[in-house]
Each structure stands twice: as C-alpha cells, then as structure tokens.
Amino acid sequence: AAEWGYSPTNGPDVWARLFPQAGGARQSPVDICTSIASSDSNLEMKKLTFAYESQSDLRILNTGHGWKVEAPQSGSRLEGGPLGEDIYQLEQFHCHWGETSAEGSEHTVDGRAYAGELHLVHWNTTKYQSFAEAAQHPDGLAVLGVFFDVGNESNDEIEKIVSTLSEIKFKGQFTDIPDVIDPTTFLPSGLGYWTYLGSLTTPPCNECVIWIVYKEPITVTEEQLVQFRCLSACSGEAEEFIVKNYRPPQPLGNRALRECNA
Ligand SMILES: NS(=O)(=O)c1ccc(C(=O)NCc2ccccc2F)cc1
Ligand SMILES: [Zn+2]
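Definitions and cut-offs
- Residues numbered from 1 in each chain as written.
- Chains lettered and ligands numbered in written order.
- Predicted model: local features only at pLDDT ≥ 70, side-chain atom pairs only at ≥ 80, totals over all residues.
- Heavy atoms only, no water.
- Salt bridge = Lys/Arg side-chain N within 4 Å of Asp/Glu carboxyl O.
- Helix = DSSP H or I, 4+ residues; strand = E, 2+ residues; numbered from the N terminus.
- Buried < 20%, exposed > 50% of the residue type's maximum accessible area, 1.4 Å probe, protein only.
- Near = heavy atom within 4 Å.
- Polar contact = N/O pair within 3.5 Å; in protein donor to acceptor, adjacent residues only side chain to side chain.
- Areas by Shrake-Rupley, 256 points an atom, 1.4 Å probe, with all protein chains shown as cover.
- Donors = N, O, S within 2.8 Å, 3.2 Å for Na, K, Ca; no water.
- Core = buried A, V, L, I, M, F, W, Y, C linked by side-chain atoms within 4.5 Å.
- Contact = heavy atoms within 4.5 Å.
- Phe/Tyr/Trp six-rings, centres within 6.5 Å; stacked < 30°, edge-to-face > 60°.
- Lys NZ or Arg CZ within 6 Å of the ring centre and 35° of its normal.
- Pairing = 2+ DSSP bridges.

## A short note on the pattern of salt bridges
Here the structure, examined in full by the defined rule, presents eight salt bridges. Residue Arg112 pairs with Asp149 through a salt bridge whose shortest N-O separation is 3.2 Å. Taken as a pair, Arg112 in the loop between β8 (108-109) and β9 (116-124) and Asp149 in strand β10 (residues 141-150) lie far apart in primary sequence, 37 residues in all. You can call Arg112 partly exposed: its relative accessible area is 41%. Using a relative accessible area of 26% as the deciding quantity, one classes Asp149 as partly exposed. A network of salt bridges, in which partner residues are shared, links Asp86, Lys127 and Asp139.

So this is what it looks like as structure tokens:
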C-alpha cells in the first residue's frame with residue numbers, strides 16, 4: 001500500500017482514501033477557539049495528576065515520520081481531570097514540527113500555530129490489556145500535548161533527544177538515549193489545559209484519544225528545531241528530510257471543548 005506522509009500525493013488531504021477513520025467526526029488536531037472553551041467545574045474538582053519515573057537508556061527511533069521515544073513506564077500514572085476513574089500509563093513520546101518556526105504544531109489556538117508540539121502518549125491500563133487494544137476504544141488513549149515556542153534558551157531535556165538524532169538519520173534506525181529522561185521536565189510550569197475527545201493525528205487516525213493540551217508552551221531553540229528537520233524520511237542514501245510532519249486542524253463539529261485553569 002502507498003505509504004502515507006505529508007506531501008500533496010500522500011498527505012492529510014488524501015488519508016481518508018486509505019484510512020476511513022481519518023474522515024470521521026472526532027478527528028484531531030483541532031483549532032482551539034478559546035472563546036468557546038467552557039471552564040468545566042468538574043475538571044477543577046478532579047485535579048489531573050501525573051507521576052513519571054526517570055529512565056535512562058530509552059530507545060529513540062526514526063519512524064520515517066519523525067522521532068519517537070519508546071517509554072513504556074509501568075510505574076507511570078496519569079489520572080484525574082477528564083480521565084474519570086481510569087489510570088493511564090505512558091507508552092511513548094514524539095513530536096511534530098514544520099518547515100519554519102511559523103508553523104509546526106498540530107493544534108492551533110485561535111488560528112495561531114506554534115513552532116512544534118510534543119505528544120506524551122498514554123493508554124488506559126485500568127480497562128485494557130495492551131496499547132494496541134486500547135487504541136480500538138473511545139477512552140483508550142490519553143495524549144498530553146505541549147506547544148513549542150522558539151526562544152533563546154535551549155531546552156535541556158529536548159537537547160538530550162537532539163544529541164542522538166545524528167545516529168538515527170535514516171528511517172528505521174534506532175539508538176538508546178544514554179541520559180536520564182524525566183518526562184515531567186517536558187511539562188510547562190503553568191498546568192492549565194484544554195481537553196476534548198479526538199483521535200490519533202496520524203493514520204489510521206483511530207478515534208480513541210482523550211486530548212489534554214497545555215495552554216503554556218515550553219521554549220526550544222531554532223537550532224534544536226533545525227536538527228529535527230535533518231532527519232531523513234527514507235531508509236537509504238536518498239535524502240528526503242522530514243521538514244514537516246503536522247496534520248492541519250480538523251472540524252471540531254459539536255464536540256465540547258473544556259478548559260481547566262489548574
Ligand atoms: N500524534 S498522536 O495522535 O499522538 C499518535 C499517537 C500514537 C500513534 C500510534 O501509536 N500509531 C500506531 C498505532 C495505531 C493504532 C493501533 C496501534 C498502534 F501502534 C499515532 C499517533
Ligand atoms: Zn503526535
């Protein structure tokens with residue numbers, strides 16, 4: 001089957017031909033229209049709590065669509081907020097970016113794109129036995145989204161990722177990150193967020209994600225983003241750089257968009 005991607009011939013506009021769910025009514029990302037976000041008292045009551053372990057020797061791989069750090073953390077927990085009584089466990093994290101820093105995030109805020117977006121992907125271990133099984137259910141996954149702003153301070157945790165990218169230049173390559181990674185350090189200091197029911201933002205676009213998008217961005221440098229764009233989408237000599245890997249916003253439709261000002 002033709003490989004999906006982000007070019008005109010295999011990108012978001014044609015995904016629904018190969019992956020029917022991509023044309024569904026609860027797709028992600030969406031434009032977050034802050035004026036319609038309802039501050040839901042329920043969310044204030046049930047505080048979103050997370051607990052991560054610090055891990056070293058995490059495997060990072062070039063998926064051909066970007067980099068992904070596999071971080072199955074049986075000791076991690078994400079619960080509360082919009083997640084009901086279930087406990088979600090960290091599985092992996094990755095990010096999305098654009099050709100320039102004027103674009104790159106998947107979610108937008110009142111039409112504004114950020115320079116990139118980090119996704120911390122969790123699955124519902126209370127109800128399901130595996131990530132793949134959870135991805136078949138409407139409450140199977142919870143993804144934390146964190147926007148990237150470009151600034152002068154490089155993000156030390158992101159630098160640990162960047163320092164390995166030269167070893168995974170080509171699709172399919174992987175290596176271990178020697179440094180200790182603590183996913184908590186990827187989160188902004190302000191913990192206010194928006195939340196809504198959506199999907200995976202890449203094929204097969206399963207409608208299985210409870211999205212939690214933090215309001216406050218974290219800062220990375222242009223140099224760090226430049227390094228992301230040096231990854232190759234191909235496995236061989238041919239060099240097709242992964243310069244953009246974000247899906248544009250999809251219709252919110254009649255979905256509720258709730259906010260919590262933690
Ligand atoms: N960008 S994102 O929305 O955070 C996102 C998160 C995870 C996946 C994924 O795991 N795909 C493979 C996959 C799909 C379905 C079932 C099992 C899988 F491994 C895709 C997109
Ligand atoms: Zn993602």
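Still to come is the rest of the account.
## Re the site of ligand 1
Around ligand 1 sit 14 residues in total, of which His94, His96, Phe131, Thr201 and Thr202 are the nearest. His94 places a polar side-chain atom, nitrogen or oxygen, 3.2 Å from a nitrogen atom of ligand 1. In this structure, His119 approaches ligand 1 through a side-chain N or O atom, which is 3.4 Å from an oxygen atom. Across the complex, the protein chains shield 78% of the 480 Å² of accessible surface that ligand 1 would expose by itself.

## Description of the coordination of the zinc ion (ligand 2)
Within the protein, His94 (NE2), His96 (NE2) and His119 (ND1) serve as the donor atoms for the zinc ion (ligand 2), at 2.0 Å. We note that the donor set of the zinc ion (ligand 2) lies within a single chain, spaced as H-x1-H-x22-H. His96 carries the same exposure label as His94, and that label is buried.

## Let's talk about the nonpolar core
In this structure, Trp67, Phe93, Leu144, Phe148, Ile161 and Phe228 are the most contacted members of the largest nonpolar core, which totals 42 residues. Broken down by element, this core gets its largest block of residues, five residues, from strand β7 (residues 88-97). Each residue touching Phe228, except ones within four places of it in the same chain, is listed here: Trp67, Cys95, Trp97, Phe148, Ile158, Val162, Leu165 and Ile242. Counting 22 residues, the second largest nonpolar core, distinct from the first, contains Val109, Tyr128, Val143 and Trp211.

## Thoughts on the packing of aromatic side chains
What the rule picks out here adds up to 10 aromatic pairs. When the centroid spacing of 5.6 Å and the interplanar angle of 75° are considered together, the rings of Tyr6 and Trp15 count as edge-to-face. For Tyr6, a relative accessible area of 16% translates into the label buried. Classification of Trp15 by relative accessible area gives buried; the value is 1%. Through a chain of ring-to-ring contacts, three or more aromatic side chains come together here, namely Trp67, Phe93, Trp97, Phe186 and Phe228. A cation over a ring is seen here: Arg112 above Tyr114, with NZ or CZ 3.9 Å from the ring centre. The ring of Phe170 has Lys169 sitting right over it, with the charged end atom 5.6 Å from the ring centre.

## Regarding the pairing of β7
Along β7, nine of the 10 residues are buried, which leaves the element largely enclosed by surrounding structure. Direction of pairing for strand β5 (residues 67-70) relative to β7: antiparallel, over a ladder of three bridges. If you follow Glu70 over to β7, its bridge partner there is Gln92.

## Re the side chain of Thr221
Turning to its location among the elements, Thr221 is positioned in the loop between β14 (218-220) and α5 (222-228). Look past the residues within four positions of Thr221 in its chain and what remains in contact with it is Val150, Gly151, Asn152, Glu153 and Ser154.

## Considering the environment of Gln27
Secondary-structure assignment places Gln27 in the loop between α1 (15-18) and β1 (31-32). Through-space distance from the C-alpha of Gln27 to that of Leu252 is 7.7 Å; in sequence the pair is 225 residues apart.

## As for unusual backbone geometry
Among all residues save glycine, negative phi is the norm, and among peptide bonds the norm is trans. Cis geometry is adopted by the peptide bond preceding Pro29, which originates at Ser28 and carries an omega value of 0°. In this fold, Pro29 is placed in the loop between α1 and β1. Here the phi dihedral of Asp57 falls at roughly 60°; this positive angle occurs in a residue that is not glycine. Tracing the chain through its elements places Asp57 in the loop between β3 (49-51) and β4 (58-62). The residue Asp110 is not glycine, and still its phi comes out positive at about 50°.

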